[in-house]
Structure formats: structure tokens, C-alpha cells
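# Survey of secondary and tertiary structure
Here's the letter readout for the chains.
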Amino acid sequence: MSASWLLSHYTHPVVIVLMMGGLYIVFTSGNLIKRMIGLAIFQTSAAFLFIALGKVGGGTAPITIEATSEAGQALGQRLPPGYAAQFGVEGVVYSNPLPHALILTAIVVGVSTLAVGLAIAVRIREAYGAVEAGEIERLDAEAGRAE
Amino acid sequence: MTGIAPPLDANTLLGFGLLTMLVATVAAIALSRRTMTAILLMSVYSAASTMWLLLMDAPDVAFTEAVVGAGVSTVVLLGAVLLTRGERVAKAGRWRVAAAAAVTLVLGGLLVYAAIDLPALGDPASPANAHVGRLYLEAAGRDTGADNVVTAVLASYRGFDTLGEASVIFAAGVGVALMLGFGTRATQDDPRRSRVRGLDALPESDHHVVLRVAAKLLIPVITLCAFYVLFHGETGAGGGFQAGVVAAVAIILHALVFGLADTMVAVRPGAARALAALGVLAYCGLGVASIVNGGMFLDHDFLLPPAFQTRLQTWLESAGISGGAHDWGQHLGMLAVESAVFITVAGTMVTVFYGFAGRLRDAVPEPGA
């Protein structure tokens, strides 16, 4: 548990804290809109974990550049000798493109499903006149007793 | 860890700051008693996470999060709050809070305990980074000719996966439209519905002059930006998903400033949903085209007919143009995938917005008030 170990592992616990924050919001808020916000936070935190694991130290965004170009040389100068040859592709170190491709589609799918959830909340409000889960349950129980 | 230890430089400190800001924002959302506050804080959360994603070398993801998280999802959430009038958040009971805190603490503790074994941040030799990710980086230039490896993975290597995502987005749009309608209710009693208004025709109310002038300047630029992002996706950050959302944002801005009825004349709800369906259909058709030419579903190497590809190759060689005919199929295929995704996403986002905004008109006066 040295300082350098903490420095290289701190993102995982922080992402988990964000995830638990989202879960806590889902658990404690009866308001359906706020519940959807909690779910959205939960979802983005999972995305952050993927992206953090795809980061390569000393790397750059996965858009191909020449190692001999100005930007390529500037990147190479910051790395220890032999690092780019071992972990880079043609002399340039890139971060992992695969999580990026997976997560960027997941974000757009996320907003679409968020919209579906909110549409359901809107219809629930129109049917019950309430948007708090507790109140909806109470109205449901009353309707059940009346039948 | 086999790589280099992360230095304690400006970027690392910025990362600390942004993550702290994210945690603080989530805490503030958890404590907020008004949904409006929570939504605006959610927008802040997205903006901060955009910067953090850039630090993590993910410009494509950062771009998506910026337009989706801080843009479209805020609009949809605000629409939902207006429609449900659920502005107050009821206070949770003491037992509920205690139980939620206990569950999240225990689960979070278990996850942190499990995360100790995860590879370090920036480890180049971790299983995730050393195998398939590296393979894509090495082969993308040769296989697809794309500079942006994320686009190569998205539109070529994993095109089938992206077809699934596009279908999910389309299905979500259909779901919202089935529940909230196509928004056409908003214009039923509007006399302007029948005629197309010129852009210079002034609306009846004139108290948003600054907004209208600014929007008139911004909307063409935003639309142009959407197409730039679409066609630039192969060489830089961007692509069909981001471009689709940016284009939808231009239409949403028009609706917010000039009124929904005018926007529905400019971009008809029927056209928006037809485009969304057309995108998914065109994507499937693209896959079938490569089957017809003797390849696998969505294998862009077989997008062009073999006879045409041979002729193209001879012509390219005689004209002295570098890059073989093989690359042309890949370039065209990726552009077609990005375009199909673009119209699906733009069509779906506009349909979703019309669904929410179209209900506002009947929802705004309180029933019984």
C-alpha cells in the first residue's frame, strides 16, 4: 500500500464510489425522475471503469500518427527508452481503442433507454396523478381494496 | 505493474480534481430535494466527466458524453419534469435511508476489495490492453485504412455489434413514440400547421429577439458541424453517433426558440421517424450487399462487386493512386455504416424530443385548475 500503488490504483475505488452513489439515489428517492438520474449515474460509472482500464500509461488517443511527426516525437520524448518499442505500435504508444468503441455506443443507447424510462414515468403520472413511488403504491392499494 | 508509474504531474492532479468534483456532484444530487436541481447537477456531472474522459485518451467517448449527457439527456429530463410536475422529491424515511446506506456500503466495500486485484491505471501489459486492443491498433491501418482506430473497430471489425446498438436505439425511439405519441397533438389546433412559414416571418410574440437572432446564426453552424463530424469520423474524433446527436440538437434548439409547431413544419415528425427506420434498414442492406458479393455479413472487403474491384484496381494502378481497391470497399463501407447510424440516431432523438415536447401543450395547464 505504498504511495505509488495508491497513485496507480485510485481510479477504481472512486468509480465504485460513484456507482454506489447512483445506487443509493435509486434506493432512497421515491420520485421516479430522480430514480432515473440515479440509474444514469450508475451506468456512466460502469463506462468510466472500462475507459480507465483501457488507458495506457504515456499513451495517446487511438488516432494513428507518425512516430517521426512533431506530435509523435513530442510523445516519444516523455517515455523511458525502449517503452515505445515494447508497448507501442510503430513507435507510438496508444490507449486501447476497444473500450472506447464499446462505451460510446453504450452512452447513446443509455440516453435512449433513459428516454423510455422517463416516458413510462410520464404515463404513470397521467394514470395516477403522482410521480412518487410511495404514493403510487398507496393509490394502487386503494384501487385494489375498492374492487 | 510493468509499465511506467504515473507521474504526479499536472494531468494527474487534474484527474484528481475532476474525480473529486464528480463524487461531490453525485453527493449533491443524492441530497437534492428538487428534481430541477438534480437535473442541472447531472449536466455538471456530464461536463466534468467529459474532461476526465479526455484525460483518459478517449476523445470519441468524451465527445459523445458532451453532446448526449450535457445536451440531449438534460432536455429529455427537463421535459419529463414538466410533464410529471414532479418537482419536489419526497424525503425518504429514516429506515429506508439506513437500509440503502448499509446495502451500498457493504456492496461498495466488496467491490473495492475485488478491485484491488484489477490492473493498475495505465498498465500497458494488462490483459485488456495487451491482446485484442493491441491487435486492432496494429492491424487497423492495414485492414481498413482508417486513421481513427475507434471508428475502424466500430464500423468495420465490430459492425455487427454496432448494428445491434443502432437497433436498440431505434427500438427505444419506437417505445417512446408508442407511449407518448409522435407529438402531432401539439400542432392539431395550430393554424400555422397548414402552411410553410418563411424563415423571415416573425412569430407573434417578440420577446425572445436575442435568442432568435443567436439561434438563426447557430443552427446552420451546428448542422454543418454535424456533417463535419460525420465525414471526419474516419480520420479524427467523431462519427455517426456523435453527428446524429449534434444534428438532433440543432433541431431541438430550433424548437426551443421558434416553437414546436414551426419546427414540425421544417422537420416533419413523419420524416424523422421514417429516417430512423431507414437508417437501420440501410445498415442491414449494407450487410446483405457483401453477402451477395460472396463475403460475410457486413464484411466491407466484399462491398464492391469482385469484377468492379478488379477494374478499379487496374485503374488505380494506371493512374498511380496509392491504396488498393480493397481500401475503397472499407472506406465506403465505414462511411455507409456511419451515415446509417447518423440518420438512425438523429431520427430517433428528434422523434423522442417530439414525443416529450408534443405532450407539453396539453400538460401545461393544470388539470382542474
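Residues numbered from 1 in each chain as written. Chains lettered and ligands numbered in written order. Predicted model: local features only at pLDDT ≥ 70, side-chain atom pairs only at ≥ 80, totals over all residues. Heavy atoms only, no water.

This part covers the overall build of chain B. In terms of helices and strands, chain B carries 14 helices and zero strands. Secondary structure of chain B in N-to-C order comes out as α-α-α-α-α-α-α-α-α-α-α-α-α-α. For chain B, the proportion of its 369 residues judged to be buried stands at 48%. Considering only residue pairs separated by 6 or more positions, chain B has 71% of its internal contacts joining residues 24 or more positions apart. (Helix = DSSP H or I, 4+ residues; strand = E, 2+ residues; numbered from the N terminus. Buried < 20%, exposed > 50% of the residue type's maximum accessible area, 1.4 Å probe, protein only. Contact = heavy atoms within 4.5 Å.)

Tallying the contact residues gives 103 residues for chain B and 84 residues for chain A. Between chain B and chain A, the buried area comes to about 8,100 Å², and carbon and sulfur atoms account for 76% of it. Taken together, chain B and chain A are joined by two salt bridges. Here R359(B) and E126(A) are joined by a salt bridge, their closest N and O atoms 2.6 Å apart. The residue inventory of the side of chain B that touches chain A, partitioned by class, reads 68 nonpolar, 20 polar and 15 charged. (Buried area = accessible area lost by both parts, 1.4 Å probe. Salt bridge = Lys/Arg side-chain N within 4 Å of Asp/Glu carboxyl O. Nonpolar A, V, L, I, M, F, W, Y, C, P; charged D, E, K, R; others polar.)

What follows concerns the packing of aromatic side chains. For the structure shown, the criterion picks out nine aromatic pairs over all chains. With 5.8 Å between their ring centres and 85 degrees between their planes, F160(B) and F297(B) make a pair best called edge-to-face. Of this pair, F160(B) sits in helix α8 (residues 159-180) while F297(B) sits in the loop between α12 (269-292) and α13 (306-319), and the two are 137 residues apart along the sequence. Using a relative accessible area of 32% as the deciding quantity, one classes F297(B) as partly exposed. An aromatic cluster of at least three residues, connected via ring pairs, comprises F48(A), Y45(B) and W52(B). Note that R273(B) overlies the ring of F182(B), its terminal NZ or CZ placed 3.8 Å from the centroid. (Phe/Tyr/Trp six-rings, centres within 6.5 Å; stacked < 30°, edge-to-face > 60°. Lys NZ or Arg CZ within 6 Å of the ring centre and 35° of its normal.)

Membership of the largest hydrophobic core comes to 118 residues, with the highest contact counts inside it found for L118(A) and F356(B). In terms of residues, this core owes the most to one element, helix α14 (residues 325-363) of chain B, which gives 16 residues. Both of domain 1 (1-91) and domain 2 (131-369) of chain B provide at least three residues apiece to this core. For L118(A), the residues in contact, after removing those within four places along its chain, are I33(A), M36(A), V76(B), L77(B), A80(B) and F356(B). Core analysis: the next-biggest nonpolar cluster, separate from the first, contains six residues, L79(A), A84(A), F87(A) and V93(A) among them. (Core = buried A, V, L, I, M, F, W, Y, C linked by side-chain atoms within 4.5 Å. Domains from an automatic or database assignment.)

Let us now look at the pattern of salt bridges. Taken as a whole and judged by the stated rule, the model has five salt bridges over all chains. A cluster of three or more residues bridged by salt bridges with shared partners is formed by R123(A), E126(A) and R359(B).

Moving on: α12(B). The first and last C-alpha atoms of α12(B) sit 34 Å apart over 24 residues, in line with the 34 Å expected at 1.5 Å per residue. Here α12(B) has its buried residues at P269(B), A272(B), A276(B), G279(B), V280(B), Y283(B), L286(B), G287(B) and S290(B). (Expected span 1.5 Å × (residues − 1).)

Moving on, we get to the packing of helix α3 (residues 32-54) of chain A against helix α6 (residues 97-128) of chain A. Residue and element names in this part refer to chain A. The interhelical angle for the contact between α3 and α6, taken along N-to-C directions, is 175 degrees, at an axis separation of 10 Å. Accordingly, the angle class assigned to the pair α3 and α6 is roughly antiparallel. Side by side, α3 and α6 meet where L32, I33, M36, Q43, A47, F50, I51 and G54 of the first sit next to P99, H100, I103, A106, G110, T113, L114, G117, L118, A121 and I124 of the second. (Axes fitted to C-alpha atoms, helices over the stretch in contact; angles between N-to-C directions. Parallel < 35°, antiparallel > 145°, perpendicular 65-115°, else oblique.)

Turning our eyes to something else, we now look at helix α7 (residues 149-157) of chain B. Here α7(B) lies mainly inside the structure; eight of its nine residues are buried. For α7(B), the set of buried residues is V149(B), V150(B), T151(B), A152(B), V153(B), L154(B), A155(B) and S156(B).

Now for the domain arrangement of chain B. Residues and elements named next belong to chain B. In terms of domain boundaries, chain B breaks down into domain 1 (1-91) and domain 2 (131-369). Tallying the contact residues gives 14 residues for domain 1 and 20 residues for domain 2. Here domain 1 meets domain 2 over a buried area of about 1,500 Å², counting both sides, of which 79% is carbon and sulfur. Looking at the side of domain 1 facing domain 2, the largest losses of area belong to D60, L83 and R85, adding up to 40% of the total buried there. At the junction of domain 1 with domain 2, the criterion picks out zero salt bridges. Inspection of the region where domain 1 meets domain 2 yields four residue pairs in polar contact (both at pLDDT 80 or more). Classifying every residue of the side of domain 1 that touches domain 2 by side-chain character gives ten nonpolar, two polar and two charged. (Polar contact = N/O pair within 3.5 Å; in protein donor to acceptor, adjacent residues only side chain to side chain.)

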